[in-house]
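Now for the letters of each chain:
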Amino acid sequence: MEFIQQDPELSAYLAADDAIDHEHPVVREVAADLARRAADSYVYARTAYEYVRDAVPHSHDTGDPRVTWRASDVLRQRTGICYAKSHALVALLRAEDIPAALCYQRLDGVVHGLVAVRFRGAWHRQDPRGGRPGGSVPFSLAGECLPYAPRPESSDMDYPVLYAAPHPVVLAALQGAPDRARLWQALPTSL
């Protein structure tokens, strides 16, 4: 798939906003701790991915009713759905000056959140959701290694746009839900 940058300026994929609050002390603290253990930016990106995938459980898997949407809240509370976990990973990557984008798929009638990281002049999608039966999906720059693929016989699809900020429908769903049960009823079905 050919990706389309929503913003042609790479600097947009390093910016902070309300959801990708990579200047927040919690994000900075986690990023600094991960960076101390990383020999280079590739190792840091892989370590940040594994941290969000493994140390921040998906709230549906754990039954956690809290809805998080700011990266700092996701990292502090250690919970979130795919969108929130993606916000946390993007914030950790941008905290160390690694361009990162939010991207999406539609699977089984709902929008699923992913991350794209820029290395070696190209974008590489990663899925920090975690918690899948049969093992974890590794960080990869050598071809996509995603846990979910759109099924051609369905209305599933990959959205090719790389967003610098969370898509408005995703953010509205997260911000408007008082708990995960209501969020589940308000998940976007398309962008």
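This write-up is about the structure you can find in this document. (Residues numbered from 1 in each chain as written. Predicted model: local features only at pLDDT ≥ 70, side-chain atom pairs only at ≥ 80, totals over all residues. Heavy atoms only, no water.)

Considerations on helix 6 (residues 168-176)
Turning to helix 6, its buried residues number three or more, namely Val170, Leu171, Ala173 and Leu174. Around the axis of helix 6, the buried residues are gathered within 160° of arc, so they sit on the same side. Those residues of helix 6 that are exposed and angled more than 90 degrees off the buried face are Pro168 and Gly176. (Buried < 20%, exposed > 50% of the residue type's maximum accessible area, 1.4 Å probe, protein only. Helix = DSSP H or I, 4+ residues; strand = E, 2+ residues; numbered from the N terminus. Arc of directions from axis to C-beta.)

Digging into the pattern of salt bridges
Considering all chains together, one arrives at eleven salt bridges under this definition. Residue Arg46 is joined to Glu50 by a salt bridge in which the shortest nitrogen-to-oxygen separation is 3.7 Å. Residue Arg46 and its partner Glu50 are both found in helix 2 (residues 41-55); the two are separated by four residues, about one turn of the helix. For Arg46, a relative accessible area of 29% gives the class partly exposed. Put simply, Arg151 and Asp108 hold a salt bridge, and the shortest N to O gap is 2.7 Å. Taken together, the positions of Arg151 in the loop between strand 4 (122-126) and strand 5 (157-158) and Asp108 in the loop between strand 2 (100-107) and strand 3 (110-119) put the pair 43 residues apart, joining distant regions of the chain. Exposure remark for Arg151: the relative accessible area of 35% places this residue in the partly exposed category. (Salt bridge = Lys/Arg side-chain N within 4 Å of Asp/Glu carboxyl O.)

As for helix 1 (residues 25-36)
Taking 1.5 Å of rise per residue, the twelve residues of helix 1 would be expected to cover 16 Å, and the 16 Å separating its terminal C-alpha atoms lies within 8% of that figure. Inspection of helix 1 places Val26, Val27, Val30, Ala31 and Leu34 among the buried residues, and these make up the whole buried set. For helix 1, the arc enclosing every buried residue in end-on projection is 125°, short of the 170-degree limit, so these residues lie on one face. Looking at helix 1, the residues exposed on the side facing more than 90 degrees away from the buried face are Pro25, Glu29 and Arg36. Looking at the buried residues of helix 1, the elements they touch are helix 2, helix 4 (71-77) and helix 5 (82-95). (Expected span 1.5 Å × (residues − 1). Contact = heavy atoms within 4.5 Å.)

Section: the sheet that holds strand 5
Across the sheet, which stays open at both edges, the four strands sit in the order 4-3-2-5 with antiparallel pairing between neighbours. Only two strands of the sheet have a single neighbouring strand rather than two, namely strand 4 and strand 5. Where strand 2 and strand 5 come together, two bridges link them in antiparallel fashion. Across the sheet, the residue bridging to Gln105 is Asp158, located in strand 5. The strands touched by helix 5 within the sheet are strand 2 and strand 3, with strand 3 carrying the most contacts at an inclination of about 15°. (Pairing = 2+ DSSP bridges. Axes fitted to C-alpha atoms, helices over the stretch in contact; angles between N-to-C directions.)

Overview of the packing of aromatic side chains
On inspection of all chains with the given rule, the structure shows six aromatic pairs. Members of the aromatic cluster, joined through ring pairs, are Tyr42, Tyr49, Phe119 and Phe139. (Phe/Tyr/Trp six-rings, centres within 6.5 Å; stacked < 30°, edge-to-face > 60°.)

Comments concerning the nonpolar core
Ranked by internal contacts, the top residues of the largest apolar core, which has 51 residues, are Tyr44, Leu75, Tyr83, Leu92, Leu93 and Tyr104. For this core, the secondary structure elements donating two or more residues are helix 1, helix 2, helix 4, helix 5, strand 2, strand 3 and helix 6. Among the elements that take part in this core, helix 5 stands out by supplying ten residues, more than any other. Discounting chain neighbours no more than four positions away, the residues touching Tyr104 are Tyr83, Val111, His112, Gly113, Asp158, Tyr159, Tyr163, Pro166, His167, Val170 and Leu191. Among the nonpolar cores identified, the runner-up in size contains nine residues, and Ala12, Tyr13, Leu114 and Trp123 belong to it. (Core = buried A, V, L, I, M, F, W, Y, C linked by side-chain atoms within 4.5 Å.)

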